[in-house]
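Residue-level listing of the chains:
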Amino acid sequence: MVEYLSDLEIANRSEIRPIQEIAEKAGIPKESVEPYGFYKAKINTQLIDAPVKGKVVLVTAMSPTPAGEGKSTVTVGLSDAFKKIGENVMVALREPSLGPVFGMKGGATGGGYAQVLPMEEINLHFNGDLHAITTANNALAAFIDNHIYQGNQLNIDPRRVTWKRVIDMNDRTLRQVVVGLGGPFKGVPREDGFDITVASEIMAVFCLSRDIKDLKENISKITIGFTYDRKPVTVKDLGVEGALTLILKDAIKPNLVQTIEGTPALIHGGPFANIAHGCNSIIATNTARQLADVVVTESGFGSDLGAEKFMDIKARRAGLEPSAIVVVATIRAMKMHGGVAKDELKAENVEAVKKGIVNLEKHLENLKQFGVEPVVALNAFVTDSEEEVNFVKQWCAERNIKIALTEVWEKGGEGGVELAKLVKEVMDTEQNFKPLYELELPVEEKIRKIVQDIYGGDDVVFTDSAKKQLKTIKDNGWDNYPVCMAKTQYSFTDDAKKLGRPAGFEITIRELIPKTGAGFIVALTGDIMTMPGLPKQPAALNMDIDENGNAVGLF
Ligand code: ADP
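Residues numbered from 1 in each chain as written. Predicted model: local features only at pLDDT ≥ 70, side-chain atom pairs only at ≥ 80, totals over all residues. Heavy atoms only, no water.

1. Regarding unusual backbone geometry
Glycine aside, residues mostly have negative phi angles, and peptide bonds mostly take the trans form. For the peptide bond that leads from Leu 117 to Pro 118, omega is -5°, which places it in the cis range. Looking at the secondary structure, you find Pro 118 in the loop between strand 6 (114-117) and helix 5 (119-123). At Phe 555, a position not held by glycine, the phi torsion is positive, near 65°. Structurally, Phe 555 is set in the segment after strand 25 (551-552). (Helix = DSSP H or I, 4+ residues; strand = E, 2+ residues; numbered from the N terminus.)

Right, dumping it as C-alpha cells:
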C-alpha cells in the first residue's frame with residue numbers, strides 16, 4: 001500500500017519564501033507590511049490605496065462528514081490553479097480555532113499539497129488575533145460585572161446580562177457557571193456562561209466591520225443585557241467601546257501568509273459557520289480584492305450554513321457579489337448520505353453514492369436560488385472507485401452542471417486546473433446575484449423562508465421563550481436585521497442524524513439572540529451549542545513536540 005505523508009510532514013518539507021517576497025509579488029506597498037517573524041505579516045490596510053474590484057469566488061460544500069470534505073483544501077488548491085492559468089489571484093481564509101484543532105475536526109489550513117504555510121503556527125496561536133478577540137470579549141464581561149459591583153448606575157438586571165465570557169477551547173464544563181460568589185467583596189453573584197471565542201459577537205463584529213472606525217462604532221452598539229425595566233444596555237452606555245477597540249488594534253490588520261505554491265493568502269477572522277456567520281473578515285476580502293483580480297474565499301460547511309450567511313449577511317454588508325460558486329463534494333459524503341456507516345466509507349458502493357447524491361442536488365438547487373451558477377469540485381480521494389466517480393460525472397452532465405474531478409490534495413494547483421477553467425467560464429458570464437430575503441421581512445418570516453427554501457422543511461416552530469424574544473426584537477426595532485441561523489452542519493434539519501435530503505420536517509427555534517453590534521439576530525435551532533465539547537479521543541492525544549521544538553502529530 002502507498003504511504004501518504006501527513007499534512008504537517010508535507011508542510012514541513014515544502015519550500016517557504018520570506019514574507020516580504022510574497023508581499024512584493026502581491027503588489028502590497030512595503031510600508032504596509034508588518035512582519036511577524038519570517039513567514040507571516042500583518043498588513044496595514046490604511047496604506048493601500050486601490051479600488052476594490054477583484055472578483056470573488058465562493059467555495060462551499062455539500063453537508064459534510066465529521067472529518068470535513070476538503071473545502072479549505074479546494075479553496076487553497078483552486079487559488080494555486082488560478083495562478084497556474086495566469087490569473088492574478090489571492091486566497092482569503094478564516095483563522096483556525098483551537099477548539100477543533102485539539103478536538104476532532106482538525107485545523108483550517110487545507111491539506112495535502114494544497115495548504116497554507118506555516119501551517120503549525122497558523123493552526124496554533126497565529127498572530128494572536130483569537131487571543132485579542134477573547135481578551136476584548138472578557139474585558140467587556142469584567143467591565144459589566146464591575147459596573148454592577150460599583151453601584152450599578154445603569155440599573156442593569158444581573159439576571160438579564162446576556163453578554164457571556166469566552167475561551168478558544170472546547171470546554172463543556174464552562175457552559176453554565178455562577179460568578180461573583182464569596183460575599184460582598186467578591187462581586188454580585190449571577191448566572192453566567194462561556195461560549196467558544198469563534199461564536200463571540202466580538203468575532204462577528206470584527207469580521208463584519210470595514211475599518212477601525214466602523215469596528216468601534218459597531219462595538220458601541222453591542223447589547224450586553226437589559227435593565228430592571230427591560231431596556232437594552234449597550235457598550236456605549238458603559239463607555240468602553242474605545243478600550244475594547246484598542247485591544248483589537250493589531251488584530252484587525254489582516255494576516256498575510258502563502259500557499260505551498262507561493263500564492264498570497266490573507267487569513268483573518270474565524271467565526272464558525274454552524275453557530276456564527278462563518279466567513280473571514282470583510283477587511284481581508286476587500287483588501288484581497290484591491291490587490292488581485294480573483295479572490296477565492298470560503299464559507300464554513302454547506303450552502304445551508306456558511307454560504308447562506310455569506311450571501312445574506314456578509315455579501316450584503318460588504319456590498320460584494322460572488323462571481324462564481326464552487327461546491328465541494330466527495331464520494332465518501334455521498335455514501336454517508338446514502339446510508340453507509342462511518343467506518344465503511346472507504347469501500348466501493350455505487351448504490352450508496354446514487355442514493356446519497358440527493359444531498360448534493362439540494363445544495364446545488366439552493367445556490368441557484370442566489371442567482372449564481374454553481375460548479376461542482378469533486379474532491380478526489382484515493383479510495384474513490386472509477387465507477388463511483390463516473391456516476392457522479394454522468395449525473396452532473398445529464399443536468400448540465402459543470403463538474404471537475406479535483407486532485408489538489410494530491411497534486412497541488414496542477415490538480416485544480418480543470419476546475420479553475422470551469423470557474424473562470426462562470427466568472428466571465430454575467431450572473432444575477434441576489435440575497436434570499438429582503439431585510440424588511442419580519443424576523444420570523446426570514447427564518448421561515450430559510451427553513452422552507454434552503455433547508456427544504458415544511459415550517460418553523462418557535463418555543464415559548466423564542467416567541468417572547470421575538471416580541472423584544474420587535475419592541476426594540478431590531479426586526480430589520482438579517483438572521484444568523486445556528487444549526488447542525490450534518491443535516492438540512494435540526495437533527496444531525498437525518499442525512500440525505502430530508503422532507504416533511506419542522507425546524508424548532510429554541511432561542512433568538514439579538515446581536516446589535518454585529519447587526520444580526522442569532523436563531524438557535526434544535527440542540528446546537530455555542531460551546532462545543534471535546535470527543536472521547538480528542539486530537540490532542542496524538543500531538544507532541546520533539547526536543548528541537550517541532551510540532552508532531554498536528555494532523
Ligand atoms: P473542510 O475545510 O471542508 O473542513 P479541509 O480542507 O480542512 O476540510 O480538510 C479536512 C481534512 O481532510 C484535512 O486533514 C485534509 O488533509 C483532508 N483531505 C482533504 N481533501 C482530501 C483528499 N482529497 N484526500 C485525502 N484527504 C483529504
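2. Examining the environment of Thr 285
Within the secondary structure, Thr 285 is located in helix 11 (residues 282-291). By relative accessible area, which is 0% here, Thr 285 ends up buried. Between the C-alpha atoms of Thr 285 and Ala 318, which are 33 residues apart in sequence, the distance is 8.9 Å. Beyond its immediate sequence surroundings of up to four residues, Thr 285 is in contact with Val 56, Asn 280, Lys 314 and Leu 320. (Buried < 20%, exposed > 50% of the residue type's maximum accessible area, 1.4 Å probe, protein only. Contact = heavy atoms within 4.5 Å.)

3. Some words on the sheet that holds strand 23 (residues 520-525)
Reading across from one edge, 20-22-23-21 is the order of the four strands in this open sheet, with mixed pairing throughout. Looking at which strands have only one partner, the edges of the open sheet turn out to be strand 20 (459-462) and strand 21 (483-486). For this sheet, the mean angle separating the axes of adjacent strands, direction not counted, is 40°. Bridge count between strand 20 and strand 22 (residues 506-515): four bridges; the pairing is parallel. Bridge assignment links Val 460 to a residue of strand 22, and that residue is Ile 507. Relative to the sheet, helix 12 (residues 303-318) contacts strand 21 and strand 23, its axis offset from that of strand 21 by approximately 170°. On top of the sheet, helix 19 (residues 464-475) reaches strand 20, strand 22 and strand 23; it is set at about 40° to strand 22, its chief contact. (Pairing = 2+ DSSP bridges. Axes fitted to C-alpha atoms, helices over the stretch in contact; angles between N-to-C directions.)

4. Regarding the domain arrangement of the protein chain
What the domain assignment reports for the protein chain is domain 1 (30-128 + 251-428), domain 2 (135-241) and domain 3 (443-524). Taking the mean C-alpha position of each, domain 2 and domain 3 sit 24 Å from one another. In this complex, domain 2 contributes ten residues to the contact, which on the side of domain 3 involves eight residues. Buried surface at the junction of domain 2 and domain 3, summed over both partners, amounts to about 750 Å²; 59% is from carbon and sulfur atoms. Of all residues in domain 2, Glu 201, Thr 223 and Phe 226 give up the largest surface area on contact with domain 3, accounting jointly for 45% of the area buried on that side. If you look at where domain 2 meets domain 3, you find zero salt bridges. Our enumeration of links across domain 2 and domain 3 arrives at five residue pairs in polar contact (both at pLDDT 80 or more). For the side of domain 2 that touches domain 3, the secondary structure elements donating two or more residues are helix 7 (201-208) and strand 12 (223-227). Per-element tally for the side of domain 2 that touches domain 3: the top contributor is helix 7, with four residues. Taken together, the residues of the side of domain 2 that touches domain 3 sort by class into six nonpolar, two polar and two charged. (Domains from an automatic or database assignment. Buried area = accessible area lost by both parts, 1.4 Å probe. Salt bridge = Lys/Arg side-chain N within 4 Å of Asp/Glu carboxyl O. Polar contact = N/O pair within 3.5 Å; in protein donor to acceptor, adjacent residues only side chain to side chain. Nonpolar A, V, L, I, M, F, W, Y, C, P; charged D, E, K, R; others polar.)

5. Here we look at the sheet that holds strand 7 (residues 156-161)
Strand order in the open sheet made by the three strands is 7-12-13, with antiparallel pairing throughout. Every other strand in the sheet has two partners, leaving strand 7 and strand 13 (232-234) as the edge strands with one partner each. For this sheet, the mean inter-axis angle between neighbouring strands, taken without regard to orientation, is 50°. Summarising the sheet, strand 7 and strand 12 pair through two bridges and their orientation is antiparallel. Note that in strand 12 the partner of Ile 156 across the bridge is Thr 227.

6. What to know about helix 8 (residues 212-220)
Among all positions in helix 8, only Asp 214, Leu 215, Asn 218, Ile 219 and Ser 220 are buried. In the core, the buried residues of helix 8 are packed alongside helix 7, strand 13, helix 9 (235-238), helix 10 (241-247) and helix 12. For helix 8, the N-terminal cap is Asp 211; the gap from its side-chain oxygen to the backbone nitrogen of Lys 213 is 3.2 Å.

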